[in-house]
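Topology and contacts: notes
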Amino acid sequence: MSEYLIKNGHVFDPVQGIKGDKKDIAINDGKIVDKVSSGAKVIDAKDKTVMAGAVEIHAHIAGPKVNLGRIYRPEDKLFSCTPTKGIERMGGGASIPTTFKTGYEYAKMGYTTAMEAAMPPLFSRHVHEEIRDTPIIDEAAFPVFGNNWFVLEYLKNQEIENTAAYCAWLLRATKGYAIKVVNPGGTEAWGWGLNCLSVNDPVPYFDITPAEIIKGLIEANEYLGLPHSMHIHPNNLGNPGCYQTTLDTLKIAQGIKPKNKFGRDQVMHLTHTQFHSYGGTNWGDFESKAKEITDYVNKNKNITIDTGNVTLDETTTMTADGPFEHHLTGLNHLKWANVDVELETAAGVVPYIYSPNISVCAIQWAIGLEIALMMKDPMRCYITTDHPNAGPFTRYPRVIKWLMSAKAREAQINAFKHKDKVLSQSSIGTIDRELSLYELAQMTRAGPAKSLGLSAMCGGLKPGMDADVAVYNFNPDKPVANPEDIEKAFSRCAAVFKSGVQVVSNGDIVSNGQKRTLWVDVKVKENPQVMRDINEKFIKYYSMTQNNYEALGHHFVPNPYAIEVDATQ
Ligand SMILES: [Zn+2]
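Criteria and cut-off values
Residues numbered from 1 in each chain as written. Predicted model: local features only at pLDDT ≥ 70, side-chain atom pairs only at ≥ 80, totals over all residues. Heavy atoms only, no water. Helix = DSSP H or I, 4+ residues; strand = E, 2+ residues; numbered from the N terminus. Buried < 20%, exposed > 50% of the residue type's maximum accessible area, 1.4 Å probe, protein only. Contact = heavy atoms within 4.5 Å. Areas by Shrake-Rupley, 256 points an atom, 1.4 Å probe, with all protein chains shown as cover. Lys, Arg positive; Asp, Glu negative; His and termini not counted. Charge placed at Lys NZ, Arg CZ, Asp CG, Glu CD. Axes fitted to C-alpha atoms, helices over the stretch in contact; angles between N-to-C directions. Parallel < 35°, antiparallel > 145°, perpendicular 65-115°, else oblique. Left-handed = near helix turned anticlockwise from the far one by under 90°. Polar contact = N/O pair within 3.5 Å; in protein donor to acceptor, adjacent residues only side chain to side chain. Donors = N, O, S within 2.8 Å, 3.2 Å for Na, K, Ca; no water. Pairing = 2+ DSSP bridges. Core = buried A, V, L, I, M, F, W, Y, C linked by side-chain atoms within 4.5 Å. Salt bridge = Lys/Arg side-chain N within 4 Å of Asp/Glu carboxyl O. Patch = residues over 30% accessible without salt bridge, like charges linked within 9 Å, V, L, I, M, F, W, Y side chains within 5 Å. Disulfide = S-S within 2.5 Å. Phe/Tyr/Trp six-rings, centres within 6.5 Å; stacked < 30°, edge-to-face > 60°. Lys NZ or Arg CZ within 6 Å of the ring centre and 35° of its normal.

Thoughts on the overall build of the protein
Scanning the protein from N- to C-terminus turns up 19 helices and 24 strands. Each principal axis of the C-alpha distribution contributes one length, and for the protein these read about 65 × 55 × 45 Å. For the protein, the residues scored as buried account for 64% of the 569 residues in total. Taking the contacts inside the protein whose residues are at least 6 apart along the sequence as the reference set, 78% of them involve residues at least 24 apart. As displayed, the protein has an accessible area near 20,100 Å², and 50% of this comes from carbon and sulfur atoms. Averaging the positions of the 59 positive and the 64 negative side-chain charges in the protein gives two centres separated by 4 Å.

Some points on the packing of helix H5 (residues 160-174) against helix H17 (residues 528-540)
Between H5 and H17, the least distance of the axes is 9 Å, while the angle of their chain directions is 60 degrees. Accordingly, the angle class assigned to the pair H5 and H17 is oblique. Note that H5 runs across H17; the crossing there is right-handed. Along its contact with H5, which presents Asn 162, Ala 165, Tyr 166 and Trp 169, the element H17 presents Gln 529, Val 530, Met 531, Ile 534 and Phe 538.

Digging into helix H4 (residues 149-156)
Listed as buried for H4 are Phe 150, Val 151, Leu 152, Tyr 154 and Leu 155. Close packing links the buried residues of H4 with H5, helix H6 (186-190), helix H7 (210-224) and H17. Near the N-terminus of H4, the side chain that reaches the backbone nitrogen of Phe 150, with its oxygen 2.9 Å away, is that of Asn 148. Once H4 finishes, Gln 158 follows within two positions and takes phi at roughly 50 degrees, a positive value.

Let's talk about the coordination of the zinc ion
Surrounding the zinc ion are the protein donor atoms His 58 (NE2), His 60 (NE2) and Asp 386 (OD), at 2.1 to 2.2 Å. Mapping the donors of the zinc ion onto the primary sequence gives the spacing H-x1-H-x325-D. Taken together, the positions of His 60 in the loop between strand E6 (54-59) and helix H1 (64-72) and Asp 386 in the loop between strand E18 (381-382) and helix H12 (396-404) put the pair 326 residues apart, joining distant regions of the chain. With a relative accessible area of 2%, Asp 386 lands in the buried category.

What about helix H2 (residues 99-108)?
Most of H2 sits inside the fold, with 10 of its 10 residues counted as buried. By the burial criterion, the buried members of H2 are Thr 99, Phe 100, Lys 101, Thr 102, Gly 103, Tyr 104, Glu 105, Tyr 106, Ala 107 and Lys 108. Phi turns positive one or two residues past the end of H2, at Gly 110, with a value near 95 degrees.

Observations regarding the sheet that holds strand E15 (residues 314-319)
The 3 strands lie next to each other as E15-E17-E16, forming an open sheet whose pairing is antiparallel. Each edge of the sheet is formed by a strand with only one pairing partner; in this case those strands are E15 and strand E16 (337-341). Looking at each pair of strands side by side, their axes are set apart by 15 degrees on average, direction ignored. Summarising the sheet, E16 and strand E17 (residues 345-353) pair through 5 bridges and their orientation is antiparallel. Looking at the pairing, Asn 338 lines up with Gly 348 of E17. Of the strands in this sheet, E15, E16 and E17 touch helix H10 (residues 322-332), which is tilted by about 25 degrees from E17.

Section: the nonpolar core
Of all hydrophobic cores here, the largest spans 150 residues; its most connected members are Tyr 106, Tyr 166, Tyr 177, Leu 217 and Trp 365. If you tally residues by element for this core, the top one is helix H11 (residues 359-374), at 12 residues. Once residues within four sequence positions are removed from consideration, Leu 217 is found in contact with Phe 145, Gly 146, Val 151, Leu 155, Thr 163, Cys 167, Ile 179, Val 181 and Met 230. Counting 18 residues, the second largest nonpolar core, distinct from the first, contains Tyr 4, Ile 18, Ala 45 and Ala 467.

So, the pattern of salt bridges
Proximity of charged atoms lets side chains of opposite charge pair with each other. The tally for this structure, following the rule as stated, stands at 28 salt bridges. Salt-bridge contacts for Glu 153 lead to Lys 537; the nearest nitrogen and oxygen are separated by 3.0 Å. Of this pair, Glu 153 sits in helix H4 while Lys 537 sits in helix H17, placing them 384 residues apart in sequence. Linking Lys 401 and Glu 487 is a salt bridge whose minimum nitrogen-to-oxygen distance equals 2.9 Å. Of the two residues, Lys 401 is situated in helix H12 and Glu 487 in helix H16 (residues 484-491); the sequence distance between them amounts to 86 residues. Each of Lys 31, Asp 138, Asp 466, Asp 468, Lys 498 and Arg 516 takes part in salt bridges that share partners, so that together they form one network.

Re a nonpolar patch on the surface
On the surface, Trp 192, Leu 194 and Tyr 205 cluster together into a nonpolar patch covering about 380 Å² of accessible area. With relative accessibility at 60%, the residue Tyr 205 sits in the exposed group.

Structural notes on the sheet that holds strand E14 (residues 303-306)
Pairing is parallel across the open sheet formed by 5 strands, whose spatial order is E9-E10-E11-E14-E18. Two strands lie at the open edges of the sheet, namely strand E9 (180-182) and E18, each paired on one side alone. Sitting on the sheet, H7 touches E9, strand E10 (230-233) and strand E11 (268-270), and the angle it makes with E10 is about 155 degrees.

Quick word on the state of the cysteines
Structurally, a disulfide amounts to a covalent bond that connects the sulfur atoms of two cysteines. Scanning all chains against the criterion turns up 0 disulfides. With no disulfide partner, Cys 196 has as its closest neighbouring cysteine sulfur the one in Cys 242, 16 Å distant. By relative accessible area, Cys 196 is classed as buried at 0%. Considering cysteine sulfurs only, Cys 361 is the nearest to Cys 242, which forms no disulfide, with 15 Å between them. With relative accessibility at 0%, the residue Cys 242 sits in the buried group.

Side note on the packing of aromatic side chains
Throughout the structure, instances matching the rule amount to 24 aromatic pairs. Note on Trp 149 and Tyr 541: the rings are 5.6 Å apart at their centroids and 75 degrees apart in plane angle, and the pair reads as edge-to-face. Note that Trp 149 is positioned in helix H4 and Tyr 541 in the loop between H17 and helix H18 (546-549), a separation of 392 residues in sequence. An angle of 70 degrees between the planes, with centres 4.7 Å apart, marks the rings of Tyr 278 and Phe 286 as edge-to-face. Comparing Tyr 278 with Phe 286 shows no difference in burial state: the two are buried. Sitting over the ring of Tyr 561, Arg 516 keeps its end group 4.7 Å from the ring centre.

Digging into the environment of Val 151
If you trace the backbone, Val 151 turns up in helix H4. Through-space distance from the C-alpha of Val 151 to that of Gly 225 is 18 Å; in sequence the pair is 74 residues apart. When near neighbours in sequence (up to four residues on either side) are disregarded, Val 151 contacts Phe 145, Thr 163, Tyr 166 and Leu 217.

So, unusual backbone geometry
Cis rather than trans, the peptide bond between His 387 and Pro 388 has omega equal to -5 degrees. Within the secondary structure, Pro 388 sits in the loop between E18 and H12. Despite not being glycine, Asp 386 shows a phi value in the positive range, around 45 degrees. Residues other than glycine seldom take positive phi values, yet Ser 499 does so here, at roughly 45 degrees. Locating Ser 499 in the fold gives a position in the loop between strand E20 (495-498) and strand E21 (501-505).

Spatial relationships are all this shows, so hold off on functional conclusions.
This is how it looks when you write it as structure tokens:
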């Protein structure tokens, strides 16, 4: 492998506390090193910003519901990806790009690692096939557990050890990375035409509540000591007044301590917080409760969050929250797809237009930004758009512009048709905070890497870490004359390295890299009961045999990188 020296850039690395000092970054054999030989290839980063590769903590980029979105929205296929130099392959799609375009667009913005946030276990092989197809970026997928029959039955009897043994088996069978929970109990209730809109609503048949599912899965997560905390999309997403359900959900984490083997300090990750921070009783008196939610998270340090920023685009919503998508199609009367996944989960897909001329959309835009700007510790709050739900991930540079420039926010507020409503129903107009580049590096690199338990590997530029490096055409010594320059600089990197391979040069893809699939390999004590239960459920209920279910070997999982967890002691 080649040696590189990225010379004279302004380095922002929260892992080492470096705040824009002029430094050289040396790369050898895929890793950041102290020194390279005089033969190393030099990349001139003078007057440029250098950060670690960014880490995406929550996006929907691979698997059956993403593909369903692609298939049923031909109007989304803007063939805007032009192959360069015979390296880049053809891609298309705006809110649901093809696998190739997904890898390229992330890489061009300096992202080198991304999490697929909701893997239906039954279709894990499809998820991994798409991950295999996605170039450059390392990826991992979170299987969903919050409506799984095994989990509901074990937790009804408070069997944490069995729940944990089942989770360990499923993570291995699906090559998954973390415990994801979507509308706990509510998606299962949807199979009965019902939903769970509070943490205390009973789940039909199973005689359990969302609160019990959430607490049980946090405990199972900590029993195993997984790299990431339990990752939750709470009940009652997207409804006026839902912030109360969100607070009730967050309170369940109180007093639970992390089993801290991978450097994380939290037991719960609240995702797309914007969708869970709504006040009011209807769409007429809809208002922001970003302050109430961030006040709670600021005080309670065992929680991390991501934002779920609305980007004011036409997009395609998709979620394992089946009942929510049914509700959404009733609101906007656009097409709707719904799938039930046997004993495990469900999914829905509905297109959505976040119009700047609609007051609710404009207030949603404000809420996402308020959350990022009201969080005191950038190491616990990460920028996402819940791609593609609140907007495509390709809009990150625009979100960064709004977060780094009060002037850019003001310009957008002035462009809203219902400017007065945005100002009266949120406090976005009173916030003058502008994120620094250091805080941006915390929110997009060091923070998410730490929350995912990957801080020894990525999210920083310390010698020994993977050589994931992004160089931006942004000079931190020069005052920003025009906020548009921020968006432009973060859209296309001057250079990007993934595991020591240069994948982007002057904004163009120059290599398809050597992407890996990260997964957790958890060792647990032998548990004959759980193995018997699995065997029985496959015979009695599943439409597929256990042998055909598991995503085994290199055929399905490209370049697997196992993170070993020993839960036997
Ligand atoms: Zn999501």
